[in-house]
Amino acid sequence: MPTIIIDPVTRIEGHSKITIRLDDEGQVQDARFHVTQVRGFEKLCEGRPFTEMPALMARICGICPTSHLLASSKACDDIMAVRIPETAEKLRRIMNLAQITQSHALSFFYLSSPDFLLGMDADPEERNIMGMVRKYPQMARDGIKLRQFGQRVLEMLGGKRVHPGWIVPGGVSHPLQAAQRDAILAEIPEAIRITRAALQWFKGQIENFRAEVRSFANFPSMFLAMANDTNEFSAYNGWLRFIDANLNIVADHITGTDYLNYIGESCNDDSYLKSTYYKPFGLKDGVYRVGPLARLNMCQNAGTPQADEELAEFRELERHSVLSSFYYHYARLIEILFSVERMQTLLHDPEILGQNVRAHATPNQYEGVGILEAPRGTLIHHYRIDQNGLIESANMIIATGHNNLAINHGVLQVARQFIKGKKLEQGMLNRVEAVVRAFDPCLSCSTHAAGMMPLDIQLLDADGSMVDRLLR
Amino acid sequence: MNKPGVEICTLIIENRECGGRSDQTILEVAEEYGIFIPTLCRLSGLSNIGACRMCLVEVKGSNKLMPACVTKVQEGMEVTVNSPKLAEYRKTVLELLFSERNHICSVCVTNGHCDLQALAQKLGVNHIPMPYIHPHLMVDASHPRFLADHNRCILCTRCVRVCSEVEGAHTWDLMGRGTTVKVITDLKRPWGESESCTGCGKCVQVCPTGALSEKGQAAGEMLKRRQFLPYLSMMREVGR
């Protein structure tokens, strides 16, 4: 059976490859997305003091260490059975919003916008952030500036841009200074301007990507995200909720270890990434999506004025939930707008400079679960400790795991739509990669996969001989 | 000064003429003259054992390197503190320490306040050329207030000395041989079950790395407070 292998998939975070199997007529039969690296954090943390977990787990990822830091600290709060001071919670929320801003800016501007600006079929040598700098310098500058804003907030609060500290079990390690608050507030209007401009531009582009909208993992599925009483957008506080494609609630009020009853994890023979599924429906029918699209489908309103306007317009796209994964990009921009606006509100709150930012306690429970909405979706950290506070076992479900089944679905859908015949073209394979990029998967959770890695795609005949080959 | 048999000697350290008493070590005299010699296992107020070999110096007329913390000064000695050979030796000693157990700074409770880390930065250790051993060692969290992470121990024995010499409990000691040596409490009982430990925490404060720490501290939060040591040492001298 002829097979096309895309290895590695570029402009994503981490290492992966895609296999596309064709029949003798050159029609796509099957397509699979494989993650080709293993990290092993669940194992290597065993026996370590639970207080070390936030810093250790943050090392999972260089793009979103803050998300792991937060989810891990929340799990530790749970082990200590403390309610952290209100100021600390607000400060943690600002960190999370800054993290969402910088990560989304990276995904949209650095990784995906070369496809929108230069075209899916453009020469791969040009179709990257450097090509974008040459042809659309203002857009590139804006993207870099927006990500820089998010990173600067993380640096001001957490001490470092990559792998900040500050967030600790029980709260944060020290209070916010007025000067830091003012410095962040001063940069917010520019961040809002850039995001609005990008939104305006992207909305105008959607018309040119009709085929991609139709085929990029566009299928009815459930969505999982954090929910709360107000039905406003929530990324830090709340419980988990599953909704179906018609926005009906499937399961609600999932907190703590309840997730084990609803989320199943299945191992794959051909990938180091497990596939998670909605347990009551089983692996075959339990597909759901997480991330920006899921969150916007989940909430009734964002809770900030400009993001609410954009959200209303976003809702017009479809009657029920927005189903095409191409719109993840659109949702990401709306989330940046919300994050920046929400940061502004939180920073204007006089309580934000409060001095009581940490609760101290020894372990009071043997188990703790921390749930957070990370940029790419729902993040779960679950730890079990012994009587001395050392980790006995850890389970982590990361956004990309939740999306794995949907990504595979999308890869197959796009391959069927765009790969025809026995002649390979860069554009069609780029679309297969682009559907993966739409989910912004974080595979290694590290920073070393830029767009310049070698790509070798081979189209093999039924007897294994090479029909066509593309190298870059 | 008035101890019997103690003489005044003149010697040269790093091309400087220095004066010291014959019961002083090269390190003590060098410090009086503001000449820096790196140290790790040594802590002022505790006995010197010359274990870490960081303070090695060259003494003219001897083909062996001498640990400055335990080598007494002599009349006419010529001591070299900084030379390419010494720099290489000291760096290698640190590299060997880093390669032996797990000293990943980023997640350590003493990150930013660690003697080993500070010395490595000062002496320019930026890569470890030898393979890591990374043995899988236990963390003893049985004590209600303190943690012993043997993965981060460099076997300097500061804990053993402070417990024996200052606190007088001698809870800590060494067990085993070679690279498998471990510091133990009582006769290798879990720290929390030790009968001799008074829970004073001096060992935690003098520990140069994150091997001994207070519970509940997140990465980089364990500051070592050693202010008590000069005072207690002085009182001990007075009492003698």
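Residues numbered from 1 in each chain as written. Chains lettered and ligands numbered in written order. Predicted model: local features only at pLDDT ≥ 70, side-chain atom pairs only at ≥ 80, totals over all residues.

Caption draft 1: Representation of the overall build of chain B. Tallying secondary structure elements over chain B gives six helices and 10 strands in all. Dimensions of chain B along its principal axes, counting C-alpha atoms only, are 55 × 50 × 30 Å. If you take every contact in chain B between residues at least 6 apart in sequence, the share linking residues at least 24 apart comes to 63%. (Helix = DSSP H or I, 4+ residues; strand = E, 2+ residues; numbered from the N terminus. Contact = placed C-beta atoms within 7 Å.)

Caption draft 2: Examining the sheet that holds strand β10 (residues 212-214) of chain B more closely. Residues and elements named next belong to chain B. Spatially, the three strands line up as an open sheet ordered β6-β7-β10, and their pairing is antiparallel. Pairing within the sheet leaves two strands with one partner each, and these edge strands are β6 (139-140) and β10. Sheet topology places β6 next to strand β7 (residues 146-149); two bridges connect them, and they run antiparallel. Considered in β7, the bridge of Asp 140 is made with Ala 148. (Pairing = 2+ DSSP bridges.)

Caption draft 3: The arrangement of helix α3 (residues 65-80) of chain A in detail. Given a rise of 1.5 Å per residue, 16 residues ought to cover 22 Å, and the 22 Å separating the end C-alpha atoms of α3 of chain A matches this to within 8%. Taking burial as the measure, the 16 residues of α3 of chain A include 16 buried ones, the bulk of the element. (Expected span 1.5 Å × (residues − 1). Buried ≥ 20, exposed ≤ 12 C-beta atoms within 10 Å, placed from the backbone.)

Caption draft 4: Inspection of the domain arrangement of chain B at higher detail. Residue and element names in this part refer to chain B. Domain annotation for chain B reports domain 1 (8-82) and domain 2 (108-227). Taking only C-alpha atoms into account, the centre of domain 1 sits 27 Å from that of domain 2. Across the contact, nine residues belong to domain 1 and 12 residues belong to domain 2. Taken together, the residues that form the side of domain 1 that touches domain 2 break down as eight nonpolar, one polar and no charged. (Domains from an automatic or database assignment. Nonpolar A, V, L, I, M, F, W, Y, C, P; charged D, E, K, R; others polar.)

Caption draft 5: Just the domain arrangement of chain A, in detail. Taken domain by domain, chain A comprises domain 1 (3-37 + 402-471) and domain 2 (83-207 + 325-360). Every contact between the two is made by 14 residues of domain 1 of chain A and, on the other side, 13 residues of domain 2 of chain A.

Caption draft 6: Molecular detail of helix α4 (residues 86-118) of chain A. Residues and elements named next belong to chain A. Over its 33 residues, α4 runs 46 Å from end to end, which matches the ideal 48 Å to within 8%, given 1.5 Å per residue. The largest bend in α4 amounts to roughly 60° and is located at Ser 112, with the proline Pro 114 lying one to four residues further along. For α4, a buried count of 27 out of 33 residues is recorded, marking the element as mostly surrounded by other parts of the structure. (Bend = angle between axes of the 7 residues up to and from the residue.)

Caption draft 7: Focus on the packing of helix α12 (residues 305-315) of chain A against helix α13 (residues 328-348) of chain A. All names here are of chain A. For the pair α12 and α13, interaxial distance at closest approach is 8 Å and the crossing angle is 160°. With respect to their mutual orientation, α12 and α13 come out roughly antiparallel. The crossing of α12 and α13 is left-handed. Across the interface between the two elements, Gln 306, Ala 307, Glu 310, Leu 311 and Phe 314 from α12 touch Tyr 330, Ile 334, Leu 337, Phe 338 and Glu 341 from α13. Across the contact of α12 with α13, the residue classes tally to seven nonpolar, one polar and two charged. (Axes fitted to C-alpha atoms, helices over the stretch in contact; angles between N-to-C directions. Parallel < 35°, antiparallel > 145°, perpendicular 65-115°, else oblique. Left-handed = near helix turned anticlockwise from the far one by under 90°.)

Caption draft 8: Region of interest: the interface of chain B and chain A. Taken together, the contact pairs 13 residues of chain B with 19 residues of chain A. Partitioned by chemical class, the residues of the side of chain B that touches chain A number six nonpolar, five polar and two charged.

Caption draft 9: Geometry of the packing of α4 of chain A against α13 of chain A. All names here are of chain A. Closest axis-to-axis distance for the α4/α13 pair is 9 Å, and the angle between their directions is 150°. By the criterion of interaxial angle, the relationship of α4 to α13 is roughly antiparallel. For the pair α4 and α13, the sense of crossing is left-handed. Judged by residue contacts, Lys 90, Arg 93, Ile 94, Leu 97, Ala 98, Ile 100, Thr 101, His 104, Ala 105, Ser 107, Phe 108 and Ser 112 of α4 engage His 329, Arg 332, Leu 333, Glu 335, Ile 336, Ser 339, Val 340, Arg 342, Met 343, Leu 346 and Leu 347 from α13. Looking at the contact of α4 with α13 residue by residue, the classes come out as 12 nonpolar, six polar and five charged.

Caption draft 10: Up close: the sheet that holds strand β6 (residues 222-227) of chain A. All names here are of chain A. An order of β8-β7-β6-β11 is seen for the four strands of this open sheet, with the pairing classed as mixed. Across the chains shown, the open sheet's two edge strands, defined by having one partner strand only, are β8 (249-254) and β11 (288-289). Pairing between β6 and strand β7 (residues 239-243): five bridges, direction antiparallel. Counted as the bridge partner of Ala 227 is Trp 239 from β7.

Caption draft 11: Quick peek at the nonpolar core. Within the largest apolar cluster, 201 residues are counted, with the highest numbers of intra-cluster contacts made by Ile 334, Val 411 and Ala 415 of chain A together with Cys 159 of chain B. For this core, the leading source of residues is α4 of chain A, giving 12 residues. Setting aside residues up to four positions removed in sequence, Val 411 of chain A forms contacts with Ile 18, Ala 31, Phe 33, Val 432, Val 435 and Val 436 of chain A. (Core = buried A, V, L, I, M, F, W, Y, C linked by C-beta atoms within 7 Å.)

Caption draft 12: Just the pairing of strand β2 (residues 16-22) of chain A, in detail. All names here are of chain A. By the alternation rule, side chains of β2 split into Ser 16, Ile 18, Ile 20 and Leu 22, which are all buried, and Lys 17, Thr 19 and Arg 21, of which none is buried. In this sheet, β2 lies alongside strand β1 (residues 3-6) in antiparallel orientation, the contact comprising four bridges. Bridging across to β2, Ile 5 finds its partner in Thr 19. Bridging between β2 and strand β3 (residues 28-35) involves seven bridges; their strand directions are antiparallel. Of the residues in β3, the one forming a bridge with Leu 22 is Val 28. Connecting β2 to the next strand, β3, in antiparallel fashion are five residues, including Gly 26 with a positive phi near 85°.

Caption draft 13: Spotlight on the environment of Leu 174 of chain B. All names here are of chain B. Mapped onto the fold, Leu 174 is located in strand β8 (residues 172-175). Overall, the presence of 12 C-beta atoms within 10 Å leaves Leu 174 in the exposed class. For the pair Leu 174 and Cys 153, spaced 21 residues apart in sequence, the C-alpha separation works out to 12 Å. The contacts of Leu 174, once residues within four sequence positions are left out, are Thr 157, Val 160, Val 181 and Val 183.

Caption draft 14: Spatial organisation of the confidence of the model for chain B. All names here are of chain B. Of the residues in chain B, 99% reach a pLDDT of 70 or more, and the chain-wide mean stands at 94. Ranking the elements of chain B by mean pLDDT puts helix α6 (residues 228-239) last, at 86, and β10 first, at 98. Of the two predicted TM-score estimates for the complex, the pTM is 0.90 and the ipTM is 0.89. (pLDDT = per-residue confidence, 0-100.)

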